[in-house]
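Observations on the model geometry
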Amino acid sequence: MEIKSVAVLGAGAVGSYIIWGLYEDKNVRLGVVADGERAERLKANGCTINGEVYRPNIWSPKEAHGVDLLIVSLKYGALPGAMGMIREIVGENTIVMSLMNGIDSEELIAKEIGESHILNSLIKVASQRKEDGIHFDPETTIGIIFGEVAKSYESERVQAVKALFADTGIRIRSTEYIREEMWSKFRLNVCNNLPQAILGAGVGCYRDSAHMKAISDGLRAELEAIAKAKGVDMSRIDSSSNHGAPVRPSARYSTLQDIEAGRHTEIDMFSGALMRMGKELGIATPYNEYTYHMIKALEEKNDGKFDYDDQKEELVWSK
């Protein structure tokens, strides 16, 4: 098996890392899948990554049909609306790797195309969207972690993915414990991504505030209780997976970036998912419930829901 064509669905922060790494590989056909106005914008402007403009092929789902590898790197809220595109792209032998946050995108995609296409994976890249495009540091990026959920762990397609990314600058690591690795990243996102988004401060807040650490620890305890109930033993994975890439104390992760940019967040994929699982398992999740509702309220604030006009609004009763 050899991967000669790669389609990227979602050319944001994560997709940009793939484009950056594979763009100069003359042995691989690389394309970004898009349609409508987004396709026209990408064709006109390209993708600006670390200050440089990249111009990958822009394919419709029909043009991408049957690619050897489809990388899904969408925002969680965009996934349901993209299922039709994914179905159209995937051919008989297409491998699908979801590099989305969370722990259920593979399951959702597999319901549409079948589990046999899915190669479980995750990515750790500290990227930021600035006025001049996406920025990340290749030297500190941990990269893509992937693997089969059952033997054979060194399958033909695992070896094909390794060969694809060799000498590209994209960092990769295969593992026998991909499920545990995915939950470990999920833990980092829930515990480090969410509290700072409510506070509106850089990640140094967890080091410098006992209060922020207490909130992070509370979220972590709930997540680990749910993982244990699901049979996920995170102690089995490499110690390197228990931390992310080194970042500056001022770093802002994706949820805070979304809030500050006035965008809706992926909170449904984080605390929302844990709340649902907690109810199914009979495990209380008060820290996640509070975090979920606070971030939803911040989204409402960005939407203008609380832009009151004292001259026009009726009085409310304080309670």
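The text that follows walks through the structure, step by step, so that each part is easy to find. The structure displayed is predicted, hence computed values, not measured ones. (Residues numbered from 1 in each chain as written. Predicted model: local features only at pLDDT ≥ 70, side-chain atom pairs only at ≥ 80, totals over all residues. Heavy atoms only, no water.)

1. A look at the pairing of strand β7 (residues 95-98)
Alternating residues of β7 divide into Ile 95 and Met 97 and Val 96 and Ser 98, and every residue in both groups is buried. Across 4 bridges, the pairing between strand β6 (residues 69-72) and β7 is parallel. Within β7, the residue paired with Leu 70 across the bridge is Val 96. (Buried < 20%, exposed > 50% of the residue type's maximum accessible area, 1.4 Å probe, protein only. Helix = DSSP H or I, 4+ residues; strand = E, 2+ residues; numbered from the N terminus. Pairing = 2+ DSSP bridges.)

2. What to know about the nonpolar core
With 48 residues, the main nonpolar core has Leu 70, Val 72, Ile 86, Ile 109, Trp 183 and Phe 186 as its most contacted residues. Those residues in contact with Phe 186, other than ones at most four positions away along the chain, are Gly 102, Ile 103, Leu 223, Met 269, Phe 270, Leu 274 and Met 277. With 38 residues, the next largest nonpolar core counts Ile 3, Ile 18, Trp 20 and Leu 42 among its residues. (Core = buried A, V, L, I, M, F, W, Y, C linked by side-chain atoms within 4.5 Å. Contact = heavy atoms within 4.5 Å.)

3. A short note on the packing of aromatic side chains
A full pass over the atoms with the stated rule returns 7 aromatic pairs. Judged by centre distance (5.6 Å) and plane angle (90°), the rings of Trp 183 and Phe 186 are edge-to-face. Separated by 3 residues within a single helix, Trp 183 and Phe 186 lie in helix α7 (residues 178-199), roughly one turn from each other. The burial state of Trp 183 is the same as that of Phe 186; both residues are buried. Between Phe 186 and Phe 270, the aromatic rings sit 6.4 Å apart at their centres with planes inclined by 35°, giving tilted as the arrangement. Here the residue Phe 186 occupies a position in helix α7, and Phe 270 occupies one in helix α11 (residues 268-281), the gap between them amounting to 84 residues. By relative accessible area, which is 1% here, Phe 186 ends up buried. Judged by its relative accessible area of 0%, Phe 270 falls in the buried class. (Phe/Tyr/Trp six-rings, centres within 6.5 Å; stacked < 30°, edge-to-face > 60°.)

4. Some details on the pairing of strand β8 (residues 121-124)
Each regular strand displays side chains that alternate between the two surfaces of the sheet. Residue alternation in β8 divides its side chains into two sets, Ser 121 and Ile 123 and Leu 122 and Lys 124, and both sets are buried. Looking at chain direction, β8 and strand β11 (residues 143-146) are connected through 4 bridges and run antiparallel. Along β11, the bridge assignment pairs Ile 123 with Ile 144.

5. As for the packing of α7 against helix α12 (residues 286-302)
Relative to each other, α7 and α12 sit at 45°, their axes nearing to 10 Å. In terms of axis orientation, α7 runs oblique to α12. Crossing geometry of α7 relative to α12 is assigned as left-handed. Each of Val 190, Leu 194, Ala 197 and Ile 198 in α7 lies in contact with α12, whose residues at this interface are Asn 288, Thr 291, Met 294, Ile 295 and Leu 298. Here the contact of α7 with α12 is built from residues that sort into 7 nonpolar, 2 polar and no charged. (Axes fitted to C-alpha atoms, helices over the stretch in contact; angles between N-to-C directions. Parallel < 35°, antiparallel > 145°, perpendicular 65-115°, else oblique. Left-handed = near helix turned anticlockwise from the far one by under 90°. Nonpolar A, V, L, I, M, F, W, Y, C, P; charged D, E, K, R; others polar.)

6. As for the environment of Ala 197
Mapped onto the secondary structure, Ala 197 falls in helix α7. Among the residues examined, Ala 197 registers a relative accessible area of 3% and is labelled buried. Distance in space between the C-alpha atoms of Ala 197 and Glu 260 is 8.8 Å, their sequence separation being 63 residues. Sequence-distant contacts of Ala 197, defined by excluding residues within four places in its chain, comprise Thr 255, Leu 256, Ile 259, Ile 295 and Leu 298.

7. Observations regarding the side chain of Asn 120
Examined against the element boundaries, Asn 120 turns out to sit in the loop between α5 (105-113) and β8. Setting aside its immediate chain neighbours within four residues, Asn 120 contacts Glu 106, Ile 145, Phe 146, Gly 147, Val 149, Ile 178 and Met 182.

Read these as spatial facts, not as claims about activity.
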